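# Coordinates in review
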Amino acid sequence: MNDHILIATAYDSLVRIYVAKTKNLVETSRNIHETWPTATAALGRLLTAGAMMSFMNKDDSELLLKIEGDGPIGQMIVESNHHGEVRATIKNPAVYLKYNDSNKLAVGNAVGLGLLTVRRNPHLKNAFTSSVNLVNGEIAEDLTYYFFLSEQTRSSVGLGVLVNEDQSVKQAGGFIIQLLPGATDKVIDQIEKVLEDIKSVTDLFESGLDTHGIISKLANGTEKLLDIKPVRYFCSCTKDYYFEAIKKLDDLVIDEMVHEDNGAEIICQYCKTKYHFSREELEEIKESKKNI
Ligand code: ZN
């Protein structure tokens, strides 16, 4: 089945569970950004989280997640929306670090410490921004901390990306379990017990479970499915978008493009599409500014 988010309530509607299957999304991201394994895993985890979180609040149409760590990867941004469209940027995709004592990709070391920022409806008037310090750069724990601190929601987040020998993506996915108001200690105990048995979300996929099977395991059989949402890597950029972006530049900068560079080539940071603007087009942009 294609990439999707499965959403359910569980434990007598006191808990909400999101489970994501994002193998194609993360593989597409790897191909676009040419990420090395640890960068594939780090960005893949953030992409998976962004995909799930865009379906959390009914009032939100868009979501932006930004991680600014002091590790070799540098800044990562994920944007997602209600249509299941997710895209990302990464400062340094060429990172391949493993933990010394295992074969595990060292995402925490590659991300480092710094800030996690969540922005809801970034392009609208009711934008909401909140930043928290990274706990360990592994992303799942960082988001758990964010939900607790900024949204006063207790949750458990699992995110995972498994990479093949040839560096392609073998498995990618995640879950977010959120306690709703009224959740009792008994429910928390039950969930903790279930989580004790789970090594990682990629292990669950490797064992042959699909998203429904994973929800059922997390819910201990109490799940009531609410929705299923397809997700994919998609960038909405167009030449018109960059036309408008250049229009916002100072005339002097546009003149420099015209005379010194003989036109402009802009590469979208989200999908690597190249847009060329000829001298004539740049002159046209300058002209159109006068009509504002
Ligand atoms: Zn683009």
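## With respect to the domain arrangement of the chain
Partitioning the chain into structural domains gives domain 1 (4-233) and domain 2 (239-291). Centre-to-centre separation of domain 1 and domain 2, based on C-alpha positions: 36 Å. In this complex, domain 1 contributes 8 residues to the contact, which on the side of domain 2 involves 4 residues. The contact between domain 1 and domain 2 buries some 520 Å² in all, and 63% of this surface belongs to carbon and sulfur atoms. By the criterion of area lost to domain 2, the three top residues of domain 1 are Ile32, Arg87 and Thr89, representing 63% of everything that side buries. Applying the counting rule to domain 1 against domain 2 returns 0 salt bridges.

## Side note on the pairing of strand 9 (residues 169-179)
Within strand 9, 10 of the 11 residues are buried, leaving the element largely enclosed by the surrounding structure. In this structure, strand 2 (residues 15-21) lies alongside strand 9, joined through 7 bridges in antiparallel fashion. When the bridges of strand 9 are listed, tyrosine 18 appears paired with isoleucine 176. As judged from the 9 bridges shared by strand 8 (residues 155-163) and strand 9, these two strands associate in the antiparallel manner. Residue pairing across strands places valine 157 opposite isoleucine 176, the latter belonging to strand 9. The hairpin formed by strand 8 and strand 9 contains 5 residues between the paired strands, and glutamine 167 there has a positive phi angle of roughly 75 degrees.

## Section: the sheet that holds strand 5 (residues 85-90)
Taken together, the 6 strands give an open sheet; going across it, the order is 7-6-3-4-5-11, and neighbouring strands pair in mixed fashion. Sheet topology places strand 7 (128-133) and strand 11 (232-233) at the edges, where each strand pairs with a single neighbour. The strands touched by helix 2 (residues 37-53) are strand 3 (62-69), strand 4 (75-81), strand 5, strand 6 (114-120) and strand 11; relative to strand 4, the strand with the most contacts, the crossing angle is about 30 degrees.

## Things to note about a nonpolar patch on the surface
A cluster of nonpolar side chains, contributed by Val135, Tyr145, Phe148 and Leu149, occupies part of the molecular surface with about 370 Å² of accessible area. Along the chain, tyrosine 145 falls in helix 4 (residues 140-150).

## Remarks on the packing of aromatic side chains
Applying the stated rule across the entire model yields 3 aromatic pairs. Grouped by ring-pair contacts, the aromatic residues Tyr241, Tyr242 and Tyr275 constitute a single cluster. Sitting above the plane of the tyrosine 270 ring, arginine 87 keeps its charged end 3.9 Å from the centroid. One Lys or Arg, lysine 239, reaches over the ring of phenylalanine 277 and ends 4.8 Å from the middle of that ring.

## Looking at the packing of helix 9 (residues 251-259) against helix 10 (residues 279-290)
Packing of helix 9 against helix 10 brings their axes to within 9 Å, and their N-to-C directions diverge by 160 degrees. Relative to helix 10, helix 9 is oriented roughly antiparallel. Between helix 9 and helix 10 lies a crossing whose hand is left-handed. Residues Asp251, Ile254, Asp255, Met257, Val258 and His259 of helix 9 lie in contact with helix 10, whose contacting residues are Arg279, Leu282, Glu283, Ile285, Lys286 and Lys289. Along the lines of polarity and charge, the residues of the contact of helix 9 with helix 10 split into 5 nonpolar, 1 polar and 6 charged.

About the cut-offs
- Residues numbered from 1 in each chain as written.
- Predicted model: local features only at pLDDT ≥ 70, side-chain atom pairs only at ≥ 80, totals over all residues.
- Heavy atoms only, no water.
- Domains from an automatic or database assignment.
- Contact = heavy atoms within 4.5 Å.
- Buried area = accessible area lost by both parts, 1.4 Å probe.
- Salt bridge = Lys/Arg side-chain N within 4 Å of Asp/Glu carboxyl O.
- Buried < 20%, exposed > 50% of the residue type's maximum accessible area, 1.4 Å probe, protein only.
- Helix = DSSP H or I, 4+ residues; strand = E, 2+ residues; numbered from the N terminus.
- Pairing = 2+ DSSP bridges.
- Axes fitted to C-alpha atoms, helices over the stretch in contact; angles between N-to-C directions.
- Patch = residues over 30% accessible without salt bridge, like charges linked within 9 Å, V, L, I, M, F, W, Y side chains within 5 Å.
- Areas by Shrake-Rupley, 256 points an atom, 1.4 Å probe, with all protein chains shown as cover.
- Phe/Tyr/Trp six-rings, centres within 6.5 Å; stacked < 30°, edge-to-face > 60°.
- Lys NZ or Arg CZ within 6 Å of the ring centre and 35° of its normal.
- Parallel < 35°, antiparallel > 145°, perpendicular 65-115°, else oblique.
- Left-handed = near helix turned anticlockwise from the far one by under 90°.
- Nonpolar A, V, L, I, M, F, W, Y, C, P; charged D, E, K, R; others polar.

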